[in-house]
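# Structural characterization, general
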Amino acid sequence: GRGREYRVACTIGQWDSDEPVTRQELLKGIAGAHGLYCMLTDKIDEEILQAAGPNLKIISTLSVGFDHLSLDEIKKRGIRVGYTPDVLTAATAELTVALLLATSRRLMEAVEEVKNGGWSAWKPLWLCGFGLQESTVGIVGLGRIGLAIAERLKPFGVKRFLYTGRQPRPEPAAKVQAEYVPLNTLASQSDFIILSCSFTPDTQGMCNKDFFAKMKKTAILINSSRGAVVNQEDLYQALTTGQIAAAGMDVTVPEPLPTNHPLLSLKNCVVLPHIGSATYATRNAMSVLAANNLLAGLKGEPMPSELKM
Ligand code: NDP
Ligand code: DGY
C-alpha cells in the first residue's frame, strides 16, 4: 500500500483467488518460504510447517482467531505470529447484534411469510418474539468483541449484563456495569446468551446438553465465536424440544454447514455463513494490518499486532 515504505526485497507466491488455497497447493507453495500470509481456512499444523522447512519465521493470519494455528508446533520452531485484533471488533459486534435481532424478532421467518402468502392479516400474536428491553444479557467472553457487543446492546434498554470467563475483567465490565458470574448462573439467568469467547480446549463444546438444560425456555443463544463452542446435536435437541427459544449462529461445524443439516430445517435457528467481519472497510483494514505484520516480522521488527505466545 501507499504511505508506508518497507525496504524488504521479497519474492511473493500468491494464491490469486477469493477461494481458499487447496491444501496441496499450500504444501507445494510454502516450501522454503520465510513468511506466510494465511486465512482462517488454512490449518497450519505440523505437516505444513514441515513442508515449509526451517526458513519459515513469520506467520501472519488474516483473522483475530488463531485456533487454526498449531501454536505448540509454531512456538517450538521459534516462529512469530501476527493477527488482526481491534480492526474487526466493531464490524463483528455489529453483525452479532444484527443476528441477535434477526433471531429474537424472527426476521427470516417474517420475510418468508411475506413472500409465501402466509401474511393473511395483522394478528395479535403472529410472529411475536422476545425484546431486549428489561432483559438480562449474558456474555461468554467479555473480550474486545464481547465488550463492543454489550456497548451496542445497552441502548436497547438491557437491564443487566452478566459475563463469564477465566477470571473477572473489572475494567471492561465497569464500562457496561456487567457482573461476573459462573457459567451456570449466566446460563440460568440470561434471556440472551452471546458467545464471544475464543475457541480453546476449555470452550470446546461448552454449550452442551447440561448448559441448555439450565437455560430459560424463553432464552436465545447467539454464537459469533467459533462453531465448536456449541455442541450442535445438543443444540438441535434443545431447539426442537422447546428447551430454549431460538439460536443464531454466525459460525458452525463444519463450515460450510451442509445444506441438508438438521439445524437448517428449523424456523427457530438462524445460520449465517461466518460474516462477522465482512464489511469492505474492515476486510481492507484486516488485510493491510496482516500485510504490515508480515513485513515487520520479516524485517525482524515488532509487528503492529503480534500474538503473545
Ligand atoms: P479477545 O481475546 O479480546 O476475547 C476473547 C475472550 O474469550 C476473552 O474475553 C476471554 O476471557 C474469553 N475466554 C477465553 N477462554 C474462556 C473460557 N474458558 N471461558 C469463557 N471465556 C473465555 O478476542 P476478540 O474479542 O477479539 O475475539 C474473540 C473471538 O471471536 C475470536 O477468537 C474469534 O474466534 C471470534 N471472531 C469471530 C468472528 C466472526 O466472523 N464471527 C470475527 C472475529 C472474531 P478471559 O481471558 O477472561 O477468560
Ligand atoms: C476472525 O478474524 O477470527 C474471524 O472469524 C473472521 O474475521
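Per an unreviewed UniProt entry, the chain is named Glyoxylate reductase/hydroxypyruvate reductase, and its organism is Callorhinchus milii. For the record of the chain, the UniProt heading Sequence similarities (unreviewed entry) holds the text "Belongs to the D-isomer specific 2-hydroxyacid dehydrogenase family."

## Notes on the overall build of the chain
Across its full length, the chain carries 11 helices and 10 strands. Against the compact-globule benchmark of 19 Å for 309 residues, the chain has a radius of gyration of 21 Å, which places it among compact chains. By its C-alpha atoms, the chain is 70 × 45 × 40 Å across when sized along the principal axes. Here the chain holds 309 residues, and 43% of them are scored as buried.

## A closer look at the pairing of strand β2 (residues 58-61)
Each regular strand displays side chains that alternate between the two surfaces of the sheet. What you see with β2 is no split at all: Ile58 and Ser60 on one side and Ile59 and Thr61 on the other are buried throughout. As a crossover connection, the stretch from strand β1 (residues 35-38) through helix α2 (residues 46-52) into β2 is right-handed. With respect to chirality, the unit in which β2 leads through helix α3 (residues 71-76) into the neighbouring parallel strand β3 (residues 80-82) is right-handed.

## Quick word on helix α4 (residues 89-104)
Between its terminal C-alpha atoms α4 stretches 22 Å, which fits the 22 Å expected from 16 residues at 1.5 Å a residue. Of all 16 residues that make up α4, 12 are buried, and the element is covered over most of its length. Residues of α4 that are buried include every one of Thr89, Ala91, Thr92, Ala93, Leu95, Thr96, Val97, Leu99, Leu100, Ala102, Thr103 and Ser104, and no others. Once α4 finishes, Arg106 follows within two positions and takes phi at roughly 55°, a positive value.

## Focus: the nonpolar core
Of all hydrophobic cores here, the largest spans 51 residues; its most connected members are Ile44, Ile59, Val137 and Leu153. Taken domain by domain, the makeup of this core includes at least three residues from each of domain 1 (23-83 + 280-307) and domain 2 (88-271). Filtering out sequence-adjacent residues up to four positions away, Ile44 remains in contact with Leu26, Leu36, Cys38, Leu49, Ile59, His68, Leu69, Ser70 and Ile74. Formed by 25 residues, the second largest nonpolar core is a distinct cluster that contains Ala187, Met215, Leu221 and Ala247.

## Points about the site of ligand 1
Near ligand 1 there are 28 residues, and of these Arg144, Ile145, Arg166, Arg169 and Asp250 occur at the shortest range. Between Arg144 and ligand 1, the recorded distance is 2.9 Å, taken from a backbone N or O atom to an oxygen atom. Computed on the free molecule, ligand 1 has an accessible area of 920 Å², of which 90% lies beneath the protein chains in the complex.

## Remarks on the state of the cysteines
Taken as a whole and assessed by the stated rule, the structure comprises zero disulfides. Sulfur of Cys269: no disulfide; nearest cysteine sulfur belongs to Cys207 and is 13 Å away. Looking at Cys269, the relative accessible area reads 9%, which means it is buried.

## A few points about the sheet that holds strand β6 (residues 178-180)
With parallel pairing, seven strands are arranged side by side in an open sheet as β6-β5-β4-β7-β8-β9-β10. On the outer flanks of this sheet lie β6 and β10 (269-271), each paired with one strand and no other. Within this sheet the neighbouring strands show an average axis-to-axis angle of 15°, counted without direction. Where strand β4 (residues 136-140) lies against strand β5 (residues 160-164), five bridges are found, and the strand directions are parallel. By the bridge assignment, Thr136 is partnered in β5 with Arg160. Lying on the sheet, helix α10 (residues 232-240) is in contact with β8 (220-223), β9 (246-249) and β10; it crosses β9 at an angle near 145°.

Calculation notes
Residues numbered from 1 in each chain as written. Chains lettered and ligands numbered in written order. Predicted model: local features only at pLDDT ≥ 70, side-chain atom pairs only at ≥ 80, totals over all residues. Heavy atoms only, no water. UniProt positions renumbered as here; feature names shortened; annotations may be inferred. Helix = DSSP H or I, 4+ residues; strand = E, 2+ residues; numbered from the N terminus. Rg over C-alpha atoms; globule rule 2.2 N^0.38 Å. Buried < 20%, exposed > 50% of the residue type's maximum accessible area, 1.4 Å probe, protein only. Right-handed = clockwise from strand over helix to strand, strands pointing away. Expected span 1.5 Å × (residues − 1). Core = buried A, V, L, I, M, F, W, Y, C linked by side-chain atoms within 4.5 Å. Domains from an automatic or database assignment. Contact = heavy atoms within 4.5 Å. Near = heavy atom within 4 Å. Polar contact = N/O pair within 3.5 Å; in protein donor to acceptor, adjacent residues only side chain to side chain. Areas by Shrake-Rupley, 256 points an atom, 1.4 Å probe, with all protein chains shown as cover. Disulfide = S-S within 2.5 Å. Pairing = 2+ DSSP bridges. Axes fitted to C-alpha atoms, helices over the stretch in contact; angles between N-to-C directions.

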